[in-house]
Amino acid sequence: MSTSNHAPELQTPLLYDIVDGSVDHKGRPVYRSNSGGWRSAGFIIGVEVAERFAYDGISSNLITYLTGPLGQSTATAAENVNMWAGTATLLPILGAFVADSFLGRYTAIIVASLIYILGLGLLTLSALLSTHTATDLPCSPPPFQLILFFFALYLVAVGESGHKPCAQAFGGDQFDGHNPQESKAKSSFFNWWYCCKSGGAMVTLLILNYIQDNLNWGLGFGIPCAAMVISLVIFLLGTRMYRYSVKVDKNSAFLRIGSVFVSSIRNWRATPSAIALEEEARGTLPRPSSEQYMFFNKALLAPNCSKEDGKACSLSDVEEAKALLRLVPIWTSCLVFAVVFAQRSTLFTKQAATMDRSISHGIDFPAASLQSFMNLSIVLFIPIYDRVFVPLARALTRKPSGITMLQRIGTGIFLSVATMVIAALVEMKRLKTAQEHGLVDLPDVTIPMSVWWLIPQYVLFGIAQSFTVVGLQEFFYDQVPSDLRSVGIALKLSIFGAGNFLSSFLISVIEKATGGNGRYSWFDNNLNRAHLDYFYWLLAGMSVVQMAFYVYSAKSYIYNRRGAV
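Within every chain, residues take consecutive numbers counted from 1 along the sequence as written. Given that this is a predicted model, residues contribute local features only at a pLDDT of at least 70 and side-chain atom pairs are listed and counted only at 80 or more, while totals for whole chains, interfaces and linings are drawn from all residues. Note: side-chain values were computed over all heavy atoms of the structure, leaving out hydrogens and water.

1. Details of the sheet that holds strand E1 (residues 18-23)
- The pairing criterion is simple: DSSP has to find at least two bridges between the two strands. We count a stretch as a helix when DSSP gives it H or I for four or more residues in a row; a strand needs E for two or more, and each element gets its number in order from the N terminus. Taking strand neighbours across the sheet as the criterion, the three strands line up as E2-E1-E3 in an open arrangement whose pairing is antiparallel. Unpaired on one side and paired on the other, strand E2 (29-31) and strand E3 (244-245) mark the two borders of the sheet.
- Note: E1 against E3, two bridges, orientation antiparallel. The residue of E3 that forms the bridge with Val23 is Tyr244.

2. Regarding the packing of aromatic side chains
- The rule is short: rings of Phe, Tyr and Trp, with Trp giving its six-membered ring, pair when the centres are within 6.5 Å, and they are stacked under 30 degrees, edge-to-face over 60, tilted in between. By the definition in use, this model includes 38 aromatic pairs.
- Taken together, a centroid distance of 4.7 Å and an interplanar angle of 65 degrees make the contact between Tyr65 and Trp217 edge-to-face. On the criterion of sequence distance, the pair formed by Tyr65 in helix H3 (residues 62-67) and Trp217 in helix H9 (residues 217-237) is long-range, its members being 152 residues apart.
- Residue class for Trp217 comes out buried when judged on its relative accessible area of 6%.
- Both rings, one in Tyr106 and one in Tyr244, keep their centres 5.4 Å apart while their planes meet at 75 degrees; by these two values the pair is edge-to-face. A residue pair is termed long-range when its members are at least 10 positions apart, and Tyr106 in helix H6 (residues 105-129) and Tyr244 in strand E3 qualify at 138 residues. Comparing Tyr106 with Tyr244 shows no difference in burial state: the two are buried. Relative accessibility under 20% of the residue-type maximum defines a buried residue, over 50% an exposed one, and the middle range a partly exposed one, all with a 1.4 Å probe and only protein chains included.

3. As for the pattern of salt bridges
- The term salt bridge refers to a pairing of a side-chain nitrogen on Lys or Arg with a carboxyl oxygen on Asp or Glu at a separation within 4 Å. Applying the stated criterion across every chain yields a total of 11 salt bridges.
- Here Asp56 makes a salt bridge to Arg52, at a shortest N to O gap of 3.8 Å. Taken together, the residues span about one helical turn, with Asp56 and Arg52 both in helix H2 (residues 37-59) at a distance of four residues.
- Relative accessible area serves as the criterion here: at 9%, Asp56 is assigned to the buried category.
- The class for Arg52 is buried, based on a relative accessible area of 8%.
- As a salt-bridge pair, Arg430 and Glu427 come within 2.8 Å of each other at their nearest N and O atoms. With a gap of three residues between them, Arg430 and Glu427 both fall in helix H16 (residues 405-436), about one helical turn apart.

4. Some thoughts on the pairing of strand E7 (residues 447-450)
- Of the two faces of E7, the one holding Ile447 and Met449 is buried and the one holding Pro448 and Ser450 is not buried anywhere.
- Looking at chain direction, strand E4 (residues 355-356) and E7 are connected through two bridges and run parallel. Along E7, the bridge assignment pairs Asp356 with Ser450.

5. A few points about a nonpolar patch on the surface
- Patches in this entry comprise residues that are over 30% relatively accessible and not in a salt bridge; like charges within 9 Å are linked, as are nonpolar side chains (Val, Leu, Ile, Met, Phe, Trp, Tyr) within 5 Å. The method behind every accessible area is Shrake-Rupley, applied with a 1.4 Å probe, and residues are considered shielded solely by the protein chains displayed. On the surface, a nonpolar cluster with roughly 450 Å² of combined accessible area is contributed by Leu94, Val98, Phe102, Leu103 and Val111.
- Element by element, the count of residues in the nonpolar patch is highest for helix H5 (residues 92-103), at four residues.
- The residue Val98 is located in helix H5 in this model.
- By relative accessible area, which is 30% here, Val98 ends up partly exposed.

6. With respect to empty space enclosed by the protein
- Grid points spaced at 1 Å over the protein atoms alone were grouped into cavities, where a 1.4 Å probe fits but cannot get out, and pockets, open sets with protein on both sides within 12 Å along at least five of seven lines, with lining residues defined by an atom within 4 Å of a point. Grid points are joined across faces, edges and corners, and a volume is the space filled by probe spheres set on the points. The final tally for this structure, using the stated rule, is two cavities of 30 Å³ or more.
- Space inside the largest cavity adds up to approximately 410 Å³.
- As for the largest cavity, its lining consists of 32 residues, of which Arg52, Tyr55, Asp56, Phe341 and Arg344 are closest to the centre.
- Where the lining of the largest cavity is concerned, the elements lending two or more residues are H2, helix H4 (74-90), helix H7 (143-172), helix H8 (180-214), helix H13 (335-342), helix H15 (371-397), helix H17 (455-478) and helix H18 (485-514).
- Charged residues are taken to be Asp, Glu, Lys and Arg, nonpolar residues to be Ala, Val, Leu, Ile, Met, Phe, Trp, Tyr, Cys and Pro, and polar residues to be all remaining types, Gly included. Residues of the lining of the largest cavity, tallied by class, amount to 14 nonpolar, 11 polar and seven charged.

7. With respect to the environment of Gly21
- Summarising the element assignment, Gly21 is placed in strand E1.
- Separated by 224 residues in the primary sequence, Gly21 and Ser245 have C-alpha atoms spaced 5.9 Å apart.
- Should any heavy atoms of two residues lie within 4.5 Å, those residues are considered in contact. When sequence neighbours within four positions are dropped, the list of residues in contact with Gly21 reads Tyr244, Ser245 and Val246.

Below, the structure written as structure tokens:
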């Protein structure tokens, strides 16, 4: 009898410990005390470090491989790097759709990792088939090697398309946004995610780039392949600890949102009074954001404004559609930032290759490894931001994250303008130095100007990423419907995919407009005759215009969740 009386008291804490909307790997209710949080997020961050090590092991020095063993011109190589990087960051929209609608994030990460490993393995094979070493002069490779290389390269992009959005969204799923403590931890998660990822990239830039430039490209591509195998093993080790999201609605979020657009168009002739009556019948619309995009409220009516049950969209469906639509101006206003982002591994690297990179007798600092200073600034700055800036700002603003996500994004965009101004000024000095020493027509001779002049632009852009990129990650994860969080991360990645394509397009157009008829283009193979400074000034001007558009878009944006404000 006594046991019976105390049983409810013993069970109550367990009931409160259950995390709503999540299950374990066997589909059972999941408990807060033994799942999720930092214990499982740590595994996923470890996976991201290994994946970043692999991805940056290819992307950071790809332009050197293309202009070296593959014998491509600077402009063609830069376009190819941008096209590949653009594909790798646009394809995640498709990968996220497959994950959120069919596979689930956990399974999608495993499948994507296997594809990733296959692509890296073939990339290593293509480099091993080459008869060139890292120091050989460029020449045209056999067609088979070229086909195998680009097939493997784009296979890596396919693997990235499933891995990148799902891993980050799956990491965010380990924190319960309805729990005050875990909600704060989720915001920190995005900071530490990017910090650790940048740390993995820094190791790549310091070690792998040296191996690729001075030893062997096969080994330089093979090590990333091994890193991805380790990454998959680490991910599988956390299987029992993860929280797996449960779909709130059995219908696909894509179908629900798509039906809102279709129904709104179908009922385009509906009168405001009919819509008002329907809104009144269903109850008050849930948020002030409902005042925006009133056209989509027509989806609340059944076809031909009839009252047939089951054929009209719900209030929540309409709100989900509006939430996605409100992201478009923010997405668009960040594109120029993505174009600037694309230069760090292409033109910045080619610029560095012409300068004095000696660090001791007979040893040169790899040009691509300068990107490690950008990652070092991220690794050093994010802990300061998370542990010092956020608590101070929180005390002043009373906001959980210190400043809003949009304020954080805007700060990084402003810093990107300063980055391009500095890059243009340094390039002007480099060109002047080449002229003063009579090296304008000697592109293979090192310019007597220290490569350390480039460090400020890398460091400042690293800090800009700490604001904008991390802010975009949290923003697109938080502001989309919960069923579409992988898609939200993919939308953030697609900004950089579109930015890479825009960069490639700009370079192609400018190359044709400024070259030919005996003229030296802005991107001439002889960088002492080229004018990268003009391109940097152009990007700085475009960034100023983008900044104005972003401020306007951010001011009119209404957050989808109160906690984000």
